[in-house]
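Below, each chain spelled out in residue letters.
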Amino acid sequence: NGAYLIKPTGWIDDIDDRVWLEVEAGPSFFSAPTGMSGTGLQYSTHVRWDFTSNEYWTIYALGGLSVFAVPRYLGSKFSIHPRFGTGVEYQTKTPLMFRAEISAEFMGLGVALNF
């Protein structure tokens, strides 16, 4: 996962609402009804709009495109579709941040390092 700040001041006055261009990629593990298991590839390019509540909590919305690819032995499926979701970030007093996100095709918890 990587992000690039594209609008540091946001669009709404008096609210900290930065906008990021973000790319996510990684494996997706699943089981098929036939009993076979497999690993696919899921990636996404989207815009993340942050709404910072205080120095610890940030709520965000995201929108963009997501791609999912399934291996050849399970049918070589490839799909591209819109991606919309929401999430929350908790910034500790160190460069360590915790993140939770939910969208139509992804639910996750993670740890991020700010550098």
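Since we're looking at a predicted model, the values are computed, not measured. (Residues numbered from 1 in each chain as written. Predicted model: local features only at pLDDT ≥ 70, side-chain atom pairs only at ≥ 80, totals over all residues. Heavy atoms only, no water.)

**Q** How should the overall build of the protein chain be read in this particular structure?
**A** Within the protein chain, the regular secondary structure consists of zero helices and seven strands. The linear arrangement of helices and strands in the protein chain, starting from the amino end, is β-β-β-β-β-β-β. Considered along the principal axes of its C-alpha atoms, the protein chain spans approximately 55 × 25 × 20 Å. Here the contacts in the protein chain between residues at least 6 apart in sequence split such that 37% fall between residues at least 24 apart. Accessible area of the protein chain: about 7600 Å², with a carbon and sulfur share of 66%. Side chains of the protein chain carry 8 positive and 11 negative charges; the gap between the two charge centres is 10 Å. (Helix = DSSP H or I, 4+ residues; strand = E, 2+ residues; numbered from the N terminus. Contact = heavy atoms within 4.5 Å. Areas by Shrake-Rupley, 256 points an atom, 1.4 Å probe, with all protein chains shown as cover. Lys, Arg positive; Asp, Glu negative; His and termini not counted. Charge placed at Lys NZ, Arg CZ, Asp CG, Glu CD.)

**Q** In this structure, what is going on with the sheet that holds strand β3 (residues 37-52)? I would like to understand it.
**A** Adjacent strands of a sheet pair through backbone hydrogen bonds, lying either parallel or antiparallel. Pairing is antiparallel across the open sheet formed by seven strands, whose spatial order is β1-β2-β3-β4-β5-β6-β7. If you trace the sheet from one side to the other, it starts and ends with β1 (2-7) and β7 (107-113), each paired once. Averaged over all adjacent pairs, the angle separating strand axes in this sheet is 30°, with direction ignored. Direction of pairing for strand β6 (residues 96-103) relative to β7: antiparallel, over a ladder of seven bridges. Opposite Ala100, over in β7, you have Leu109 as the bridge partner. (Pairing = 2+ DSSP bridges. Axes fitted to C-alpha atoms, helices over the stretch in contact; angles between N-to-C directions.)

**Q** Before we go on, may I ask you to explain a nonpolar patch on the surface in this structure?
**A** A cluster of nonpolar side chains, namely Leu41, Tyr43, Leu65, Phe78 and Ile80, defines an oily patch on the protein surface of about 490 Å² accessible area. Counting only elements with at least two residues in the nonpolar patch, the list comes to β3 and β5 (78-91). One can find Leu65 in strand β4 (residues 57-69). (Patch = residues over 30% accessible without salt bridge, like charges linked within 9 Å, V, L, I, M, F, W, Y side chains within 5 Å. Salt bridge = Lys/Arg side-chain N within 4 Å of Asp/Glu carboxyl O.)

**Q** Help me understand the pattern of salt bridges in this model?
**A** Proximity of charged atoms lets side chains of opposite charge pair with each other. Overall, the coordinates contain nine salt bridges when judged by the stated rule. Between Glu101 and Arg99 there is a salt bridge, with the nearest N and O atoms lying 2.8 Å from each other. Residue classification places Arg99 among the buried residues on the basis of a relative accessible area of 12%. Look at the salt bridges and you will find they share partners, linking Glu22, Glu24, Arg48, Asp50, Arg83, Glu89, Arg99 and Glu101 into a network. (Buried < 20%, exposed > 50% of the residue type's maximum accessible area, 1.4 Å probe, protein only.)

**Q** Explain the packing of aromatic side chains to me, please; I cannot follow it from the model alone.
**A** How two aromatic rings sit relative to each other is set out by the distance from centre to centre and by the angle between their planes. According to the stated counting rule, one finds three aromatic pairs in the structure shown. Between Trp57 and Tyr90 the ring centres are 4.8 Å apart and the planes differ by 55°, which places this aromatic pair in the tilted class. Taken as a pair, Trp57 in strand β4 and Tyr90 in strand β5 lie far apart in primary sequence, 33 residues in all. Site record: aromatic cluster; members linked through ring pairs are Tyr56, Trp57 and Tyr90. Sitting above the plane of the Tyr60 ring, Arg48 keeps its charged end 5.6 Å from the centroid. (Phe/Tyr/Trp six-rings, centres within 6.5 Å; stacked < 30°, edge-to-face > 60°. Lys NZ or Arg CZ within 6 Å of the ring centre and 35° of its normal.)

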